[in-house]
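Examining the three-dimensional arrangement
In case you want the letters, here they are:
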Amino acid sequence: MKKKADYAENEKWMRRALELARKAWGETHPNPMVGAVLVDRGRVLAEGYHRAAGKDHAEVEALRQAPASLPETATLFVTLEPCSTGGLTGPCTEAIAKAGVRRLVVGTLDPNPDHNGKGIERLREQGVEVEVGVLEEECADLNLIFNHWIRCGRPLVAGKMAMTLDGKIACRTGQSQWITGETAREDVMSWRRLFPAIAVGAGTVLSDQPRLTSRLDGEEWCPVRMVFDGLLRTANEREFPSLYTDEFREKTVVVTTELAGTGYVRRLEKEGIRVWVLSADNSQVSYESFRERCRQEKIYGIYIEGGSQLLSGMIQHAALDYLFVYQAPLFFGDDKAKPALRGLRTEKIDDGVRLQNTRHAVVGEDRLFRGFLRYPEKLQVDELLFGHFK
């Protein structure tokens, strides 16, 4: 039976491996972030992390820095099960065995059912002692986007909202900046850096003129920026929104329908804006068509920043996989303040949409709840409100 000291030591080094993995935050798509630490009797021999697709895997990078002859007491800590099949860089299981590693500690298994556990099995067959499941939840959570893509074969569509304690996202006047504090807004910037794409609705573009970039530590990074605009209202303005004219405009995609005017499409494309014209039954973009187009374009995760109309519409169609909810220690107590979500008819508690596999964090004075959405068997839409969200 293992001693508490052994567990503490394992967790200590796995946390270090997680720190290393996060150095490549947002850089490894479509691959996962992985960190590795080689330790002998409390002393670090080598470290590594996967920097980008096509680059050395974390285990290989660490082992290349290791002594030519490893002590038999050395342990390799790695956040994700080593790959057992050849790719751009070859199987890590072979590199581990060849280097003479005798003990391996793994955070979580490879989520791919074709590989799940096979790397562990192969190493054990070669005499390597393997322990699995140290900080397993943290190691799995590190790769939300990768895991969803591997298991489901489609992008992770995640929504984000910031609300008061009573579920409002703006005052009755429409003022919404800022409900949450600076620390929470910095956290949003970090998640923006992780996701390959960020999306908003046309109303948000026209009212807020968002930049939709990640601004951290004095650096600005731009993902693919998407605008849901079924009738191309944003292209009908005398002056384009700044999103269509700034230095990142070529990374902007407007998602629209066949009901939008072809003249507006040409106007946008002339400015270097990409336009996805998707088939739809009405002026509302088909979320299923949108997800399929993202899959074809190999956009592995989309961070939807709303607002209320877009997120409500996606939830009505069960099109949102994951949700980030920032909640401030503030309430309005005003029926006419703008609610975060509308449009469902929830008659029983079991009819509600629930977050599962939730994670909680304190961010400054605010709180973040995030998790996968579990929809009831049948979502009931309030027909009186449904037209408002088309």
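Preceding this section is the structure that the text describes.
Residues numbered from 1 in each chain as written. Predicted model: local features only at pLDDT ≥ 70, side-chain atom pairs only at ≥ 80, totals over all residues. Heavy atoms only, no water.

Re the side chain of Glu59
Inspection of the secondary structure puts Glu59 in helix α2 (residues 58–65). No salt bridge is formed by the buried Glu59. Its closest oppositely charged neighbour is Arg64, at 11 Å. For Glu59, the residues in contact, after removing those within four places along its chain, are Ala36, Leu76, Val78, Leu80, Pro82, Cys83, Cys92 and Ile96. (Helix = DSSP H or I, 4+ residues; strand = E, 2+ residues; numbered from the N terminus. Buried < 20%, exposed > 50% of the residue type's maximum accessible area, 1.4 Å probe, protein only. Lys, Arg positive; Asp, Glu negative; His and termini not counted. Salt bridge = Lys/Arg side-chain N within 4 Å of Asp/Glu carboxyl O. Contact = heavy atoms within 4.5 Å.)

Here we look at the packing of aromatic side chains
The tally for this structure, following the rule as stated, stands at 12 aromatic pairs. When the centroid spacing of 6.3 Å and the interplanar angle of 45° are considered together, the rings of Trp276 and Phe290 count as tilted. Highlighted residues: Trp276 in strand β13 (residues 274–278) and Phe290 in helix α10 (residues 287–296), separated in sequence by 14 residues. The burial state of Trp276 is the same as that of Phe290; both residues are buried. A cation sits over an aromatic face here: Lys251 above Trp221, 5.8 Å from the ring centre. We note Arg267 situated over the ring of Phe240; from NZ or CZ to the ring centre the distance is 4.1 Å. (Phe/Tyr/Trp six-rings, centres within 6.5 Å; stacked < 30°, edge-to-face > 60°. Lys NZ or Arg CZ within 6 Å of the ring centre and 35° of its normal.)

Topic: the pattern of salt bridges
Inspection of the entire model under this criterion finds 22 salt bridges. A salt bridge links Arg359 to Glu137; the shortest N-O distance between them is 4.0 Å. Here Arg359, found in strand β17 (residues 354–363), pairs with Glu137, found in helix α5 (residues 136–141); they are 222 residues apart in sequence, far enough to count as distant. Measuring nitrogen to oxygen at the nearest pair gives 3.1 Å for the salt bridge that ties Glu297 to Arg293. Residue Arg293 is classed as partly exposed on the basis of its relative accessible area of 25%. Through salt bridges that share partners, Arg211, Glu220, Arg225, Asp246 and Glu247 make up one connected network.

Observations regarding the packing of helix α3 (residues 92–99) against helix α4 (residues 118–125)
Their axes nearest at 10 Å, the elements α3 and α4 cross at an angle of 25°. Classified by the angle their axes make, α3 and α4 are roughly parallel. The handedness of the crossing between α3 and α4 comes out as right-handed. Counted together, Thr93, Ile96 and Ala97 of α3 and Gly119, Arg122 and Leu123 of α4 form the full contact between these two elements. Split into classes, the residues belonging to the contact of α3 with α4 amount to 3 nonpolar, 2 polar and 1 charged. (Axes fitted to C-alpha atoms, helices over the stretch in contact; angles between N-to-C directions. Parallel < 35°, antiparallel > 145°, perpendicular 65-115°, else oblique. Left-handed = near helix turned anticlockwise from the far one by under 90°. Nonpolar A, V, L, I, M, F, W, Y, C, P; charged D, E, K, R; others polar.)

Structural notes on the nonpolar core
If you look at the biggest cluster of nonpolar residues, it comprises 52 residues, and the most contacted ones within it are Trp191, Phe195, Leu268, Phe324 and Tyr326. Breaking this core down by element, the ones donating at least two residues are α1 (4–21), β1 (35–40), α6 (144–152), β6 (156–163), α7 (182–194), β8 (197–201), α9 (262–270) and β15 (322–327). Beyond its immediate chain neighbours, meaning those up to four positions away, Trp191 contacts Trp25, Tyr303, Phe324, Tyr326, Leu368 and Arg370. If you look at the next biggest cluster of nonpolar residues, it comprises 32 residues, including Met161, Cys294, Leu310 and Leu373. (Core = buried A, V, L, I, M, F, W, Y, C linked by side-chain atoms within 4.5 Å.)

Brief notes about the pairing of strand β14 (residues 301–304)
Every second residue of β14 is oriented toward a common face, with Gly301 and Tyr303 on one face and Ile302 and Ile304 on the other, all of them buried. Bridge count between β6 and β14: 4 bridges; the pairing is parallel. When the sheet's bridge partners are listed, Gly159 is paired in β14 with Ile304. In this structure, β8 lies alongside β14, joined through 3 bridges in parallel fashion. Paired with Ala197 across the strands is Ile302, a residue of β14. (Pairing = 2+ DSSP bridges.)

Some points on empty space enclosed by the protein
Evaluation of the coordinates by the stated rule reveals 1 cavity of 30 Å³ or more. Quantified by volume, the largest cavity comes out at close to 60 Å³. Lining the largest cavity are Thr28, His29, Asn31, Pro32, Met33, Leu142, Asn143, Leu144, Ile145, Phe146 and Leu194. It is α6 that provides the largest number of residues to the lining of the largest cavity, a total of 3 residues. Taken together, the residues of the lining of the largest cavity break down into 7 nonpolar, 4 polar and no charged. (1 Å grid on protein atoms, 1.4 Å probe; cavity = no way out; pocket = protein on both sides within 12 Å on 5 of 7 lines; lining within 4 Å. Points joined across faces, edges and corners; volume = space filled by probe spheres on them.)

Describing the pairing of strand β12 (residues 252–257)
Of all 6 residues in β12, 6 are buried, a share of seventy percent or more. By the alternation rule, side chains of β12 split into Thr252, Val254 and Thr256 and Val253, Val255 and Thr257, which are all buried. Pairing between strand β11 (residues 224–228) and β12: 4 bridges, direction parallel. Looking at β12, one finds that Met226 is bridged to Val253. Judged from the 5 bridges that link them, β12 and β13 form a sheet pairing that is parallel. Bridge pairing links Thr257 to Leu278 in β13.

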